[in-house]
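# Summary of the model geometry
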Amino acid sequence: MLKFSIIIPVYNVEKYLPECVSSVLCQSFEDYEIILVDDGSTDGSGKLCDQYAEKDSRIKVIHQSNQGQAAARNAGIKVAEGDYLLFFDADDLYEQGDLLKEIAQATPGADAVVFNWKEFQHGHDSKEYRPANYLPNMQTEYANGICYLQEVTAMPLYPWYPWFYAFRREFWKEHDFQFPVGVKYEDVALIYKVLLAAKRITTVKDVWYCYRISRPGATTYALKYQTEIDKLSSIGENIHDVQARDLPQKLKKQLCNNFSCLYYSAVIQSFRIEPKEDREKFWELLQEAKWICQYTTEKKQKFVRSIINILGIPNTSALLNLRRMIKEQRSL
C-alpha cells in the first residue's frame, strides 16, 4: 500500500490553515502523513499546528525560525516517510476527496504524477474559479521527463509550481534535490530540473488543486525589489543551464522561451516596486538582462521587445502596467 507525505510550509496563515488541513483530512485514501512546517510564524499558526498534531497521529509538526518557504519544504522532505511527496501551500485546498486515491492508481513505478488545478480569487468562494486546463489533451503516460516537457512547454507560460505534482520520494532522494534556500521563485529554479531527471511521468487530468491568488501577504502578491531580483536571477541561470545540457534543440528552445517570458513579466510588474529608488535600480538590472529577450519566440513578447527598444524599459513598464490596471478594472 502506498503512503503519501504532504508537506505544508506554514507562515502566518492562521486564517487559512483550517480549510487547507480539512481538505486533506477529508480524503478517502487515508494512508498519508501531513507535515506542517511552522516557519517562525508570529500569529497563532504554530499553536494551531500543534493542536492538529494532538488530534491526529498522521500529522507531524516542525517548528523552525523563519527561513523561507524553500527551507520549510526541505525540512519537511527530511522527515518524510511516504512513498510519494506532495507539496501544498497553506492557503490553498484540495477540491475533492479522491485526489490521493486517483494518484495512487496512477503512480505504480512513476517518478512523478501530474494533476490539474484551478485558480480562485482571494475573497471569493473557491467554487468561483478559473480552471488551468493544461492536461486534457495530454497522454496518460510519458516514458521520461524530456518527452513530457516537450509537450507541456509548447505552452509558453507553463508554470513550475511544485504543488500539482506527486514525486516519488526515493527518486527525489537519489538525485538529492533541494529547493534553493534564501530566494523567491525557488520552484522556477528547481522543478524543471526534477522533471528532466524523471524516468516516467503519469497524468491525472481531473482538476484537484485549488490555488488561491491575490492573497495579501502571499509571495506572488507582495511585489518586492528583492523578489523581482530573484526572479530575474533564476531565469538567467536557468537559460544558461538549459543551453549547457545535452537536450533536443526543440526542447531547449521551448524551455528558454518559457523562462524568457518571465522577463516580460518582470518588466510589467516593475512599475509597482516601491520606493522609486528601488524601482529605478531594478530597471537598470532589466537593461543589463536584455540578453534574455533573444530567446523569446512568442509574438506578444517580441512585440513588447520592440516597444522596449523604442521607448526604453521605464516607459514600457509604465505603459504595460496601465494596460494591466485597465484590464483588472474591466474584470471587476
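Anything mentioned here points back to the structure above.
Attention now moves to the overall build of the protein. For the protein, the helix and strand inventory stands at twelve helices and ten strands. Reported as C-alpha extents along the three principal axes, the dimensions of the protein are approximately 60 × 45 × 35 Å. Sorting the 332 residues of the protein into buried and exposed places 52% on the buried side. Here the contacts in the protein between residues at least 6 apart in sequence split such that 77% fall between residues at least 24 apart. Summed over all atoms, the accessible surface of the protein reaches about 15500 Å², with 49% contributed by carbon and sulfur.

Bringing the pairing of strand S10 (residues 201-213) into the picture now. Along S10, ten of the 13 residues are buried, which leaves the element largely enclosed by surrounding structure. Alignment of strand S5 (residues 93-94) against S10, held across two bridges, turns out to be antiparallel. Following the sheet pairing, leucine 93 is matched in S10 by cysteine 210. Where strand S8 (residues 141-142) lies against S10, two bridges are found, and the strand directions are antiparallel. Among the inter-strand pairings, tyrosine 142 is bridged to a residue of S10, identified as isoleucine 201.

Turning our attention to a nonpolar patch on the surface. Together, Ile310, Leu311 and Leu319 line one region of the surface with nonpolar side chains, adding up to about 300 Å² of accessible area. If you trace the backbone, leucine 319 turns up in helix H12 (residues 313-331).

The next thing to look at is helix H10 (residues 276-288). Counted at 1.5 Å a residue, the expected span for H10 with its 13 residues is 18 Å, and the 19 Å between its end C-alpha atoms agrees. Taken as a whole, H10 has its buried residues at Asp278, Arg279, Phe282, Trp283 and Leu286. Looking down the long axis of H10, one finds its buried residues gathered within 145 degrees of arc, a one-sided arrangement. Set apart from the buried face of H10 by more than 90 degrees, the exposed residues are Glu277, Glu284 and Glu288.

The subject of this paragraph is the packing of helix H1 (residues 17-25) against helix H2 (residues 45-55). Close contact between H1 and H2 brings their axes to 11 Å; oriented N to C, the two are set at 25 degrees. In terms of their interaxial angle, H1 and H2 are classed as roughly parallel. Relative to H2, the crossing made by H1 is right-handed. Here H1 contributes Leu17, Pro18 and Val21 to the contact with H2, which in turn contributes Ser45, Leu48, Cys49 and Tyr52.

Turning next to the packing of helix H5 (residues 145-152) against helix H7 (residues 186-197). Relative to each other, H5 and H7 sit at 130 degrees, their axes nearing to 6 Å. One element, H5, and the other, H7, form an angle in the oblique class. Mapping the contact onto sequence places Gly145, Ile146, Tyr148 and Leu149 in H5 and Tyr192, Leu195 and Leu196 in H7. Within the contact of H5 with H7, the residues separate by chemical class into six nonpolar, one polar and no charged.

Let's shift gears to unusual backbone geometry. That bond from glutamate 274 to proline 275 is cis: its omega, 0 degrees, falls within 30 degrees of zero. Mapped onto the elements, proline 275 comes out in the loop between helix H9 (249-269) and H10. Here the phi dihedral of asparagine 12 falls at roughly 50 degrees; this positive angle occurs in a residue that is not glycine. Within the secondary structure, asparagine 12 is located in the loop between strand S1 (4-10) and H1. By relative accessible area, which is 25% here, asparagine 12 ends up partly exposed. Not every positive phi belongs to a glycine, and tyrosine 185 is a case in point at roughly 60 degrees. Mapped onto the fold, tyrosine 185 is located in the loop between helix H6 (169-174) and H7.

What follows is about the environment of arginine 324. On the secondary structure map, arginine 324 appears in helix H12. Apart from the residues within four sequence positions on either side, arginine 324 is in contact with Ile268 and Arg272.

On to the packing of aromatic side chains, then. For the structure on display, the rule yields 32 aromatic pairs. Ring geometry for tryptophan 117 against tyrosine 161: centres 6.4 Å apart, planes inclined by 90 degrees, an arrangement best described as edge-to-face. Of the two residues, tryptophan 117 is situated in strand S6 (residues 112-121) and tyrosine 161 in the loop between H5 and strand S9 (165-168); the sequence distance between them amounts to 44 residues. Tryptophan 117 sits in the buried class, given a relative accessible area of 2%. Ring geometry for tyrosine 165 versus phenylalanine 167: centroids 5.2 Å apart, planes at 25 degrees, classification stacked.

Parameters at a glance
- Residues numbered from 1 in each chain as written.
- Predicted model: local features only at pLDDT ≥ 70, side-chain atom pairs only at ≥ 80, totals over all residues.
- Heavy atoms only, no water.
- Helix = DSSP H or I, 4+ residues; strand = E, 2+ residues; numbered from the N terminus.
- Buried < 20%, exposed > 50% of the residue type's maximum accessible area, 1.4 Å probe, protein only.
- Contact = heavy atoms within 4.5 Å.
- Areas by Shrake-Rupley, 256 points an atom, 1.4 Å probe, with all protein chains shown as cover.
- Pairing = 2+ DSSP bridges.
- Patch = residues over 30% accessible without salt bridge, like charges linked within 9 Å, V, L, I, M, F, W, Y side chains within 5 Å.
- Salt bridge = Lys/Arg side-chain N within 4 Å of Asp/Glu carboxyl O.
- Expected span 1.5 Å × (residues − 1).
- Arc of directions from axis to C-beta.
- Axes fitted to C-alpha atoms, helices over the stretch in contact; angles between N-to-C directions.
- Parallel < 35°, antiparallel > 145°, perpendicular 65-115°, else oblique.
- Left-handed = near helix turned anticlockwise from the far one by under 90°.
- Nonpolar A, V, L, I, M, F, W, Y, C, P; charged D, E, K, R; others polar.
- Phe/Tyr/Trp six-rings, centres within 6.5 Å; stacked < 30°, edge-to-face > 60°.

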